[in-house]
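Spelled out from the first residue to the last, the chains are:
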Amino acid sequence: MATYLARITVHDELDLESILGMADALGAVGTPGVTETATVFEVPGEAPDAGVATVAAAQHAAEVLDGFEYEVLVLEIY
């Protein structure tokens, strides 16, 4: 099983408590990147190929971020 890293960007204004809660719920690694317009989480996962990784990352984000505006990009498969 290959490992992937998904970058999940939330385009809502979030307070620190919300950011920390989302990071925990997503299983994010490292410190989330925070700008005036977005918060970026890096979330590792496992999948057999890039297609499955993209679907799995999107599904995971949808489960955790229901009601928020976000996008998911799978960056690496190794």
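These numbers were taken from a predicted model, which means no experiment stands behind them.

So, how was this worked out
- Residues numbered from 1 in each chain as written.
- Predicted model: local features only at pLDDT ≥ 70, side-chain atom pairs only at ≥ 80, totals over all residues.
- Heavy atoms only, no water.
- Salt bridge = Lys/Arg side-chain N within 4 Å of Asp/Glu carboxyl O.
- Helix = DSSP H or I, 4+ residues; strand = E, 2+ residues; numbered from the N terminus.
- Buried < 20%, exposed > 50% of the residue type's maximum accessible area, 1.4 Å probe, protein only.
- Pairing = 2+ DSSP bridges.
- Axes fitted to C-alpha atoms, helices over the stretch in contact; angles between N-to-C directions.
- Contact = heavy atoms within 4.5 Å.

**A few points about the pattern of salt bridges**
The final tally for this structure, using the stated rule, is one salt bridge. For Glu42, the salt bridge goes to Arg7, with nearest N and O atoms at 2.8 Å. With a gap of 35 residues between them, Glu42 in strand β3 (residues 39-47) and Arg7 in strand β1 (residues 2-10) connect regions that are remote in the sequence. A residue is classified by how much of its surface remains accessible, and Glu42, at 27% relative accessible area, is partly exposed. Under the relative-accessibility criterion, Arg7 is labelled partly exposed at 32%.

**Some details on the sheet that holds strand β4 (residues 70-77)**
Pairing is antiparallel in the open sheet, where four strands are placed in the order β2-β3-β1-β4. Bordering the open sheet on either side are β2 (29-34) and β4, each of which pairs with just one other strand. Ignoring strand direction, the axes of neighbouring strands in this sheet form an average angle of 30°. As judged from the seven bridges shared by β1 and β4, these two strands associate in the antiparallel manner. Looking at the pairing, Thr9 lines up with Glu71 of β4. Together, β1, β2 and β3 form the strand contacts of helix α1 (residues 16-26), whose direction differs from that of β3 by roughly 10°. Packed on one face of the sheet, helix α2 (residues 50-64) meets β1, β3 and β4 and runs near 145° to β4.

Read these as layout, nothing more, since geometry by itself doesn't imply function.
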